[in-house]
Every structure is written in structure tokens, then in C-alpha cells.
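Residue strings, one per chain:
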Amino acid sequence: MSDPRSTAVQVEAEAVAASTDFDVIVVGAGVGGLCAASQLVQAAKRVVVLEGRNRVGGRLLSKDAGLSTPLDLGATWFWPSEPRVMRLIDELDIAVFPHYSAGDAMYHDPSGSRRMDGNALSSPSGRFAAGADSLTTALAEWLPPDTIRLNYVVESIDATGPKLAVITGKSTFTARHVVLAVPPALAVNAITFVPPLPDRVGNVAAATPVWMGAITKVVVRYQTPFWRDVGLAGSAISHYGPMRELHDMSGPAGSPAALFGFVPAITGAPTVTEDAIARQLVEIFGPSAAEMLEIIIHDWRDEPLTSPPNVEQLTAFKLFGHEIYRTPTLDGRLHWASTETAAHSPGHIEGAIDAANR
């Protein structure tokens, strides 16, 4: 005989999957969206999360490839001074480990590279043992079945009726409230609002930078963390490029061994090449750096569900956490919950959680 509780759960899940009317629609299944959804579920609200990608996580993206610790192509760190992310890690029982920063950093400019005394580039921080996106995977698994709808790209939000209508290419959903958990600049670029958002709201949102949106992240994997053998931390600052900042991305005990760096965007320019990355690493860390197993180049400008077309031109970082994001718009029915809107730690995972809490 089947367990009646299992049958009841299945019936409820099927009913949720068939429904297009909810108390709240959350747009975006990154940290902010999933944290907002989890709190709404705990408050007994009927919630659906619409995500345009075929995965959860947003800017938390880890490449597994069978490695003991996946390589993070988006967010990497958290800091012990961030109470919200620390609390969430504890609640979800996420495995973490200290980021490696022992040893000396390197300084790189057109004249060459030289060793610095100590590593002022890194502060004590933590990493996720199963990759940063293990945090969003755990959040998603906590939510009731069918709360998250993948591959649903939101095209417009219509506020002319008694409820907000959220239109995707597949279905139209309705709700009393909508939480936008995507970068504001992306929202106003990719979503048509009927009627249009108030000018002040729309203008600030359109000008707010997208954290990491214009950055290329490079991860280079090695057989061993050879830099540690000569007392280097794997950290470097460069005024020459293409990577301007580098750090160790190795897993616990140095396996898998990896370095990563950030390449700032140049408007209209293609992303960095593997040859340019290899040359810079040899210049900084010597001949051993040429023995790479893999180079991964992830240009976040190529992610249309993160970055609007003009993302390189958005440089007014003072707009992070702007006061307009603290007040719902569309008669109090449209709310903001991406990391760019956070009052605390905007741009960090901590910021996304703070925005969701708000």
C-alpha cells in the first residue's frame, strides 16, 4: 500500500505545477531569488520562481568536470564578517574551507614582475567545498516541488489589472506581488513594463552597474599548486594585464590546483585569449606556469540573462543600494532583491541575502 502522505505531496505538487496564479512571483533563481522564495514559503505564501536559464544559481556558477572541488566561474568567496551568509551556510549544512592566502604576493607591470613581502591582496575568507553554486542548489532543494520553473524567460510585466501579470514565452502567470531578483539594469532592458516604471525608478535601475557583468573570469588548472612550493600565495596585482588581479583557487590541500584572475572589459573588444593568459602567468610565476592542464575563460558579458548589452558602460557604483530599491514600486507590488540593491555588502553573496531579507 502506498504511503498516503506521499500521495498527498504528489497531488499538491501536481496542483502547483498546473497553477499560474500565486501570491508572489519571484523572477530569478540566484541567491537573492531563492532566499526570498524560501522565506515566503515559510510564511505560507504560494510562490513560483521563474528562471530563464536551465539551471539555478545565477552568478554562482561552478564547473564540476569530475573534480573534487569544482572551479568557480562566478562568485567564489564569503567572509567571516558576513553574518547572513554565515548563518545560511550553517542552516543548510554547506561544506566550506578556508581560502589559501599564505605566502607572498606578486606585483606585475610592464617592466616585469617582482615578489612582494607578504600578501596584502587577500583577507581571510572562505570557499565552498562543492563549489559556490552548492549554496543555491541546497536552497533549491529545500523549496517545495515545482516551485522553480527553469527556462521561463520573463518578457513583460503588466500592472494594468487587479493582479500583476508576468508574461513569458511559455505561459502568463499572475500574482499580487512580484520580486525582481535580477540586476536592475537587466530588468529594465529585457522586461517591458506596462505601464512603464516611474522615470526616477527606471533611470536609476538602467544606470546601476551589474556586479561582475562586465568582467571576464579566468581559471587555470595545474597538476600541482607549484607556487606554494616557493612560498607564494598565488595572489598577484597587475598594472599590465590582461588579468589585473589573481588568486589561488585550489581546493582543500591544494587539489585540484588552480589560479584564477579577473579581466576588466574594454567596450567593444573581444574577450581575452588563452595565449595572452599563458604569457602573463609565465611572466608572473615563471616557467612552471606554462605547464597548464586547462584554461577556462568565462566572459560574463556573454550571459544575456545577467548582463544587458551596454554593461561595460555602467560604472556608477554609487547607485548600489540606492534608496529607490528600498521602496516597492507599481503601487507597492514590485520589489527588488538582487545583490546590487542591497544596503549591506552589495555585489557579494551577503548582499543578495540582505536584499532578499528586505
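Residues numbered from 1 in each chain as written. Predicted model: local features only at pLDDT ≥ 70, side-chain atom pairs only at ≥ 80, totals over all residues. Heavy atoms only, no water.

Novice: Where do I start with the packing of aromatic side chains in this structure?
Specialist: Going through the model one piece at a time under the given rule, you end up with twelve aromatic pairs. Relative to Phe-320, the ring of Trp-211 lies with its centre 6.1 Å away and its plane at 55°, an arrangement referred to as tilted. With Trp-211 in the loop between helix H6 (199-207) and strand S14 (215-222) and Phe-320 in the loop between strand S18 (292-299) and strand S19 (334-336), the pair connects residues that are 109 residues apart, well separated along the chain. Here Trp-211 falls in the partly exposed class, since its relative accessible area comes to 34%. On the numbers, 5.4 Å between centres and 90° between planes, the contact of Phe-260 with Phe-262 is edge-to-face. In this structure Phe-260 comes out as buried when scored by relative accessible area, which is 1%. Through a chain of ring-to-ring contacts, the aromatic side chains of Trp-77, Trp-79, Phe-260 and Phe-262 assemble into a single cluster. (Phe/Tyr/Trp six-rings, centres within 6.5 Å; stacked < 30°, edge-to-face > 60°. Helix = DSSP H or I, 4+ residues; strand = E, 2+ residues; numbered from the N terminus. Buried < 20%, exposed > 50% of the residue type's maximum accessible area, 1.4 Å probe, protein only.)

Novice: Whenever I open this one, the packing of helix H3 (residues 83-92) against helix H9 (residues 349-357) confuses me. Can you help?
Specialist: For any two helices packed against each other, the geometry comes down to the angle between their axes and how far apart the axes lie. Look at H3 against H9: their axes get within 8 Å of each other, and the N-to-C directions meet at 85°. When the interaxial angle is binned, H3 and H9 end up roughly perpendicular. Where H3 abuts H9, its residues Pro-83, Arg-84, Val-85 and Leu-88 lie against Ile-349, Glu-350, Ile-353, Asp-354 and Asn-357. Classifying every residue of the contact of H3 with H9 by side-chain character gives five nonpolar, one polar and three charged. (Axes fitted to C-alpha atoms, helices over the stretch in contact; angles between N-to-C directions. Parallel < 35°, antiparallel > 145°, perpendicular 65-115°, else oblique. Contact = heavy atoms within 4.5 Å. Nonpolar A, V, L, I, M, F, W, Y, C, P; charged D, E, K, R; others polar.)

Novice: In this structure, what is going on with the packing of helix H2 (residues 31-42) against H9? I would like to understand it.
Specialist: Where H2 contacts H9, the axes come no closer than 8 Å and their chain directions differ by 35°. Classified by chirality, the crossing of H9 by H2 is right-handed. Where H2 approaches H9, its residues Val-31, Gly-32, Cys-35, Ala-36 and Gln-39 are matched on the opposing element by Ile-349, Ala-352, Ile-353, Ala-356 and Asn-357. (Left-handed = near helix turned anticlockwise from the far one by under 90°.)

Novice: Where do I start with the pairing of S14 in this structure?
Specialist: Where burial is concerned, most of S14 is hidden: seven out of the eight residues are buried. Bridge count between S14 and S18: seven bridges; the pairing is antiparallel. In the strand pairing of S18, Arg-221 is matched with Glu-294. (Pairing = 2+ DSSP bridges.)

Novice: Would you take a moment to explain H3 for this structure?
Specialist: Residues separated by three or four positions in an α-helix point in the same direction, a consequence of the helix having 3.6 residues per turn. If you check which residues of H3 are buried, you get Arg-84, Val-85, Leu-88 and Ile-89. The buried residues of H3 all sit within an arc of 135° when viewed along its axis, so they share a single face. In H3, the exposed residues that point more than 90 degrees away from the buried face are Asp-90 and Glu-91. Of the residues flanking the end of H3, it is Asp-93, one or two places downstream, whose phi is positive at about 55°. (Arc of directions from axis to C-beta.)

Novice: What am I meant to see in the nonpolar core here?
Specialist: Nonpolar side chains tend to gather and get buried jointly when the protein is soluble and globular. With 33 residues, the main nonpolar core has Val-26, Leu-34, Phe-128, Leu-135, Ile-148 and Ile-349 as its most contacted residues. No other element matches the six residues that H2 contributes to this core. Contact partners of Leu-34, with chain neighbours within four places excluded, come to Gly-28, Ala-29, Val-56, Thr-136, Leu-139, Ala-140, Leu-143 and Ile-148. Grouped together as the second largest cluster of nonpolar side chains are 30 residues, Tyr-152, Ala-187, Phe-193 and Ile-324 included. (Core = buried A, V, L, I, M, F, W, Y, C linked by side-chain atoms within 4.5 Å.)

Novice: What is the right way to look at the side chain of Thr-208 in this model?
Specialist: Checked against the element boundaries, Thr-208 lands in the loop between H6 and S14. Within the structure, the side chain of Thr-208 is placed 2.6 Å from the side chain of Tyr-325, a separation counted as a polar contact. Excluding anything up to four places from it in sequence, Thr-208 contacts Ala-185, Leu-314, Leu-319, Phe-320, Tyr-325 and Glu-340. (Polar contact = N/O pair within 3.5 Å; in protein donor to acceptor, adjacent residues only side chain to side chain.)

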